[in-house]
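Structural features, examined
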Amino acid sequence: MPLLHGASLRALLAGAAVAHLSSFPIVRASPCAPPQPLRLRAFASHSASEPPPPPPSSPSPSTSRVLASAAAACDCEEGAKPAICTADELHYAPVPGTEWRLALWRYRPPPEAPKRNHPLMLLSGVATNAVGFDLSPGASFARHMSMQGFDTWIVELRGAGLSTRGSELAAASTKSDMSSNSDKFLGLMELPQTSAIYDQISQLSQRLVKILGEGQQNVSPRLFGWQERLSATIEDLQKQLELIISYDWDFDHYLEEDVPAAIDYIKQQSVPKDGKLLAIGHSMGGILLYAMVSKCGFEGADPELAAIVTLASSVDYTTSNSSLKLFVPLADPAEMLRVPAVPLGTLLSTTYPISSRAPYILSLLRSQISAKDMMDPELLSKLILNNFCTVPAKVLLQLATSFRDGGLRNRAGTFFFKEHLGKIKVPVLALAGDEDLICPPEAVYETVKVIPQHLVTYKVFGKPEGPHYAHYDLVGGRKAVHEVYPCIIEFLSQHDDVSS
């Protein structure tokens, strides 16, 4: 098989790699594609917050095929939850100063569960939604935590999963037909900014066809129909351009706006006595938690977190052998910003049939997610089909600074989060997987070593003879419920007391 040119490989996989693959997607009833009016219309909130507006009488014919099938599976009655949401309740938390309303999946403890003092917030990786924490009734990290007595909340950040935006809700209540939508799209294409973006997406499609065509020559048996499928997917992406160009936020927006809004909402609903939460973050979710406590340490502020658990997370990858180093576009940020967002879920869903077949290069992505025999194949497929979303290029570029000297920094490049972790006051449990290619144990330790020793507990899961743990296995591996979960529950229980 011919080797891929470095630039072409980065263009295809940079989003997938830096996404801290907490999971994987094809497009079947997935909430991960860029938000569309029909999908938002179907998702009514079961919460104390004001629900989205009621649906109009008929959907727009131009809505993408994927989201139409997703909406068809949803109960559109007021107060209903979409089928993809398996939580007890679906809440929406407004983000002050923005049009965003974050989707919060709530799992209530059963009456017989132990009584806890603090609610538990779960944050997932970049470009992923809540599904990774709740794959099935028998493999649900969130449900397991609620059964242990924790009022558990999964936070979907802006642009992810069921989170919505005011402008999208307004669009959902506006009737339109195929001709008017086509006219609107053609008018959008005439604008200089969007015309350039359209050209970039078209070029990306051509490069994908060429790259996949070369790799297809070495795949046996040959896969038929994939070129047509890819072309149809790229066509859908082009039709979604008006939404894609609005993906204009970075990591700091998550840190300074989304997570504080989610914390405030959870506190209002759960009413902890000391006003604090427990929190678990996987991949970028853990990076967000590190960044939060770092800022509190720098400012000398009282954190709103009683304790945190980070799973496969680090703010400094410089000394590690992370596979992300092969793909993160460190050299030329301007090149990546020509396309404002990477439609990761849609692109990976298109190439997934090839990714599961050796020796093609995309088959290597499977090992980025889960170690051999660590996940049930059906659950792995569900993860692959349902968990990735579109991610802004600015998010990926800011996360890429974790591969530079000093580690992750704010958007201005003036605040280095690692520098202030030595001042934190929050207990930390940092877990790593022995075969995690994305965030190897040495990357996790690079962050852990600067935290005060009396506050941090560090553990690597996996044994020489097996089982082994890759990036997602700490959350959904078949052995995690017996090996990882008890460790987390013990730590959280130790720090669940309410100080007087």
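Procedures and definitions
- Residues numbered from 1 in each chain as written.
- Predicted model: local features only at pLDDT ≥ 70, side-chain atom pairs only at ≥ 80, totals over all residues.
- Heavy atoms only, no water.
- Helix = DSSP H or I, 4+ residues; strand = E, 2+ residues; numbered from the N terminus.
- Buried < 20%, exposed > 50% of the residue type's maximum accessible area, 1.4 Å probe, protein only.
- Contact = heavy atoms within 4.5 Å.
- Areas by Shrake-Rupley, 256 points an atom, 1.4 Å probe, with all protein chains shown as cover.
- Salt bridge = Lys/Arg side-chain N within 4 Å of Asp/Glu carboxyl O.

Looking at an unreviewed UniProt entry, one finds the protein named AB hydrolase-1 domain-containing protein and attributed to Triticum aestivum.

Below, the discussion takes up the overall build of the protein. On a plain count of helices and strands, the protein comes out with 19 helices and 11 strands. Residue burial in the protein is summarised as follows: out of 500 residues, 59% are buried. Counted over contacts in the protein with a minimum sequence separation of 6, partners at least 24 positions apart contribute 83%. Just so you have it, the protein exposes about 19,600 Å², and 53% of that area is on carbon and sulfur atoms.

Moving on: unusual backbone geometry. With an omega dihedral of 0°, the bond running from Gly466 to Pro467 counts as a cis peptide bond. Looking at the secondary structure, you find Pro467 in the loop between strand E11 (456–461) and helix H18 (473–476). The backbone of Val271 shows a phi angle near 50°, a positive value even though the residue is not glycine. Relative to the assigned elements, Val271 resides in the loop between helix H10 (251–270) and strand E6 (277–282). Take Val271: its relative accessible area is 57%, and that puts it in the exposed class. Positive phi, normally seen in glycine, also occurs at Ser283, with a value near 60°. One can find Ser283 in the loop between E6 and helix H11 (284–299). Taking the relative accessible area as the measure of exposure, Ser283 reaches 0% and is therefore buried.

On to the pattern of salt bridges, then. Applying the stated criterion across every chain yields a total of 14 salt bridges. One salt bridge in this structure joins Glu446 and Lys449, with 3.2 Å as the shortest N-O distance. For Glu446, a relative accessible area of 9% corresponds to the buried category. On the basis of relative accessibility, which here comes to 45%, the residue Lys449 falls in the partly exposed class. Several salt bridges share partner residues, and in doing so they unite Glu89, Arg106, Arg108 and Asp151 into one network.

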